Every structure is written in structure tokens, then in C-alpha cells.
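Breakdown of the fold
Listed below are the residues making up each chain.
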Amino acid sequence: MSKFAYRFLLSDLWEFGKNESWFSYMAAKGMHLQNVGNWLVTFEKGEPKNTRYRIEILEENPTLEQLNVYKECGWQLVMNKQIFYIFSSPEELNSTELHTDPMEQSFTFKMLDKQIKKSTTVIVIAVILALALLLAHLFLDSEPYLNLIRRSSFTTITMTIAYIYILCTAIQGYFSVKKIKNSLFMGIPINHSRNWKLSYFLSALVYVTLILWIFSAIISPIYSVIKRESYTSPKAVENLPAIRINEIESGKIYDYWHDLQYNWSLLSPVQYRIYEGGYVEGEMQEDFSGAYSPASVITRYYELAFKGMAEGLLKDLIHHYHRDYRDIEPVKIESNKFDLLYIFDYENIKSIYASFDNKVIYVKYYGNEDLDKIISLIEKRYGL
Amino acid sequence: MPYDGSPMTEAMYYVLLALLHPNHGYQLMNEIEEVSKGRVKMGPGTLYGVLARLQKDNLIIVLNDDGRRKTYSITTDGISALKKEYERLNDMVDDGAIIKEGS
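Residues numbered from 1 in each chain as written. Chains lettered and ligands numbered in written order. Predicted model: local features only at pLDDT ≥ 70, side-chain atom pairs only at ≥ 80, totals over all residues. Heavy atoms only, no water.

In this section: the pattern of salt bridges. Pairs can form between side chains of opposite charge whenever their charged atoms are close. All names here are of chain A. Applying the stated criterion across every chain, the model contains 20 salt bridges over all chains. Between Asp113 and Lys181 there is a salt bridge, with the nearest N and O atoms lying 3.4 Å from each other. Linking Asp113 in helix 4 (residues 109-139) with Lys181 in helix 6 (residues 153-185), this pair joins segments that are 68 residues apart in sequence. Of the residues examined, Asp113 reaches a relative accessible area of 7% and is grouped as buried. We note a salt bridge from Asp357 to Lys359, for which the minimum N-O separation is 3.8 Å. A relative accessible area of 43% means that Asp357 is categorised as partly exposed. (Salt bridge = Lys/Arg side-chain N within 4 Å of Asp/Glu carboxyl O. Helix = DSSP H or I, 4+ residues; strand = E, 2+ residues; numbered from the N terminus. Buried < 20%, exposed > 50% of the residue type's maximum accessible area, 1.4 Å probe, protein only.)

With that settled, the discussion passes to helix 3 (residues 44-56) of chain B. Residue and element names in this part refer to chain B. Here helix 3 is 13 residues long and its end C-alpha atoms lie 18 Å apart, about the 18 Å a rise of 1.5 Å per residue gives. Looking at helix 3, one finds that the buried residues are Pro44, Gly45, Thr46, Leu47, Tyr48, Val50, Leu51, Arg53 and Leu54. Positive backbone phi, at 65°, marks Asn58, one or two positions downstream of helix 3. (Expected span 1.5 Å × (residues − 1).)

All right, on to the layout of surface pockets then. Residue and element names in this part refer to chain A. The calculated volume of the largest pocket comes to roughly 1600 Å³. Taken together, 42 residues make up the lining of the largest pocket; nearest its centre are Ser11, Asp12, Tyr165, Thr169 and Tyr207. Here the lining of the largest pocket gets 11 residues from one element, more than from any other, and that element is helix 6. Counted by class, the lining of the largest pocket contains 22 nonpolar, 15 polar and 5 charged residues. (1 Å grid on protein atoms, 1.4 Å probe; cavity = no way out; pocket = protein on both sides within 12 Å on 5 of 7 lines; lining within 4 Å. Points joined across faces, edges and corners; volume = space filled by probe spheres on them. Nonpolar A, V, L, I, M, F, W, Y, C, P; charged D, E, K, R; others polar.)

The next thing to look at is the domain arrangement of chain A. Interfaces are often sized by the amount of accessible area the parts lose when they come together. All names here are of chain A. Domain parsing of chain A yields domain 1 (4-93), domain 2 (102-226) and domain 3 (229-381). For domain 1 versus domain 2, the distance between C-alpha centres works out to 26 Å. Listed per partner, the contact involves 19 residues of domain 1 and 24 residues of domain 2. Counting across the interface, domain 1 meets domain 2 through 1 salt bridge. Among the salt bridges present, the one from Arg194 reaches Glu15, with a minimum N-O distance of 3.4 Å. The interface formed by domain 1 and domain 2 contains 8 residue pairs in polar contact (both at pLDDT 80 or more). Among the elements that line the side of domain 1 that touches domain 2, the one with the most residues is helix 1 (residues 16-28), at 7 residues. The residue makeup of the side of domain 1 that touches domain 2, split by class, is 11 nonpolar, 2 polar and 6 charged. (Domains from an automatic or database assignment. Contact = heavy atoms within 4.5 Å. Polar contact = N/O pair within 3.5 Å; in protein donor to acceptor, adjacent residues only side chain to side chain.)

Below you can see the structure in the form of C-alpha cells.
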């Protein structure tokens, strides 16, 4: 059995009461405070003892004489971390409190107050900058939905949440130090047996979330790379609910190629892109290049985690893929099969942007067949 | 921030009072208990907090530091501050005499 036990830090050390009563609770279970790190608190396993703990702020390193005076008063230094010094005293000694004058104790918070004011200001500025950068990245090309469902979206979302969390804890810390300082100044002593259980639960929740987040931040891009598959055989395309070039074309098609790519992201777990093309036997081209005309169809299909994103994504897709014909906008068509339907029909280019339920589809066809034929094929394929 | 003559905390008052005779840490605590006739039992955290603050405010100085222990003593500034506080407290007690008259 290991000699040491580790626990996550309950809360910031300036929360004297909560930490002290938690350390005492642990000591009564035979786990004696040994060290406090940035994340973890180390306890040494031993006999259960009733021990009082007191946290003290000392701006300057205490002299040996000072520590001896503390010791003679019954208070033994356990450890120190920055300006925080933790002392312990056996319950049965019934030692005089470290601080017998709350107002005097409030003066020890002066430096901490100053430090925390500075660090909070820095954090607030940094977080606002970081958030602005993140959002700018999302909105830079005015395609926020498209950016959100891309592979990096998970990191973007979690980073945003993490930044906001950091911001909130920094501000909360600033106010809680102020509150402790003020209440001491008013002569209200520290409550050394403050309940720590809620804090413990909350901090455990934060740590578990954090671990899960780090874990999934690592896993998510890996998973999306695993899920990202490319195929170039017609067989792979066959099993997908997608319209095929040879379905669209009434003539015989030659030399055709297939390209299929799957993608995965948190907000759009199923995404694929199918590209098929070839040459269709038909009339002589106007430029006499041959009796074959090229035809191709590209389908981009997205299943979204939230239905509410469908319209936004559809608009972004139009914004993104309709670049070359800015002066002719796609036309909105009322449809009883699709929630939204936009079409674009110009010479031999036909584009369809459609959404139904949580699915968004974009089909671009290049060839001589009719747009209506393609729409009805889509309806049939997707069971509408 | 030097001492501005505002009311002293009990701890500050008694430390200054006890330092009318130069003294060092642990002994000082006993001295305070004695001066206050056992009424004020000062914790070491409070004591060292007050000592550091008074030193910054120039109300006390370290008379002797042999590396093992520091001996503190009150300064003339300290004495005049203490006198002023004593007078203030005295006035307060005098003013409070109406409590007795009323009863």
C-alpha cells in the first residue's frame, strides 16, 4: 500500500475555512496533509488524529525565530506555497488561535488583494483577446456554421468554454478575496470549520470535466482522421444514399471516375462528399472536340447534431460554393418535401441546396440533363 | 503607508505598550498577557503581523538582530502615537461616564 494519498485541490488556498476543515477531516481519517501543489494535495497515511489546520499569509519568509514562536504556541509549519503557510496543531493542545484580531488579519490580505487584482486584469484582457481571435476565426469568412462543423470545431468550442471558465473563476476569485478581506476588517473572524463538501463536489466536477475535455480534445482529431476515409471505386459509392451520375445521364457514360470522402466532426457526425464524373456519348461539341460531352456530379452531405443549424449551414454552403456566379443568386423554391430548397440553373451548371430535418445537402451537376430530374432523384434517394 | 493617527487595533495598542521595554517575539506575547492582566492572549500570527506593520510605519525598530532572535523597541514616533491613542481612549472612557450617572 502506498504511503501517500492524493486528492484534487479543493479550492484556492485563500479560502481558509473550507481548506482547513477539509484538512482536519482528512487527518481524522488518518491522512495527514503533506503538500499542496497546483492541482493535487498530498496526504501522508498514518494514524487518525484530530488536528487543527490554519492557513496564514506571510508576505516575507518567516525567520527561524518566528517559526519557533509559532511552535511554542503549538503551531507547527506543515508546508508553504508562495505566500501561503499552513500550520497544524493537535486538537488536544487547544492552542491559542494564530490570529486573535480579525482586523489585523485583514491587513495580511492586502498583498494578496493587490496580486489578484493584477492577475485578474491580465487574465480578463488575455481571455477577451483570445475569445475575439477565436470568434474572428469563426466569422472571418462569414461562414460560421461551415467552420463549426469542420474538424477543428471541437477544439474551438471547448476552447471557448475553457476561456469563459477561466474568466469566471478569475473574477470570482477577485471578489471572494475582497469579501474575506472586508469581512475580517469588520471584525468577523474566519470560520475555521466551514463546510467544504459542496466545494469538493464542484471542484471534482470541474476536474473530471477538464480531464474528459483534454482526453476528447486529443481523441477528437484522431477520431476524425480515422473516420475520414477516401475511396475511388464505384463500389464504395453504391451503398450510399447518393445520386449517381449514371442515374442522371440518359446516355451512355464513359471513363468515369469516383471519389468518396467521409468526414466526422462533433457537430456533424456524418459528412460525406461524393464526386463522380465522366463523358457522355451524345452530340458533337460546338468546338468539334468530339462527340462526347463531360458530365459530373458532386454531392456534399451533412447530418447535423442539431436541427437548428441546418438553415445556417445551408446559407454558408451557398456563400461558400456559389462564389463564381455572385451576380446570379440561387432561387428559393417552395417545396413540400424539403424544409428549404435553393436552386441555381445556368447553362449546363445546376446547383441544388436543400435541407430536410437535420440534414443538409448540396448537389452540383455539370451536364445537359434537367434540374427537375436531379431534384426528383434526390427526393427518391433520401426517401422524401 | 505610514500610520495616520486613526484608532489603533487592540493588538497594535498592546504591542506598542509592551515594547516600552525592548523585547523579542515569544517574551513579548507573555508581556502582553501580563500588561493586560491576562485579558489579551495574542496569537503568534497576529503578533508578527502587527510587528511587521509597525516596523513599516516606523513606530518600532529592530534594536538588535543577532540572527537568532530580533529585539524590538518602540520609537519616539511610536511613543507619541501611543500617547495620542491613550488620550483618545481616556476621553472615550470619560465621555462614557454618563452611563454610570444614568443608572
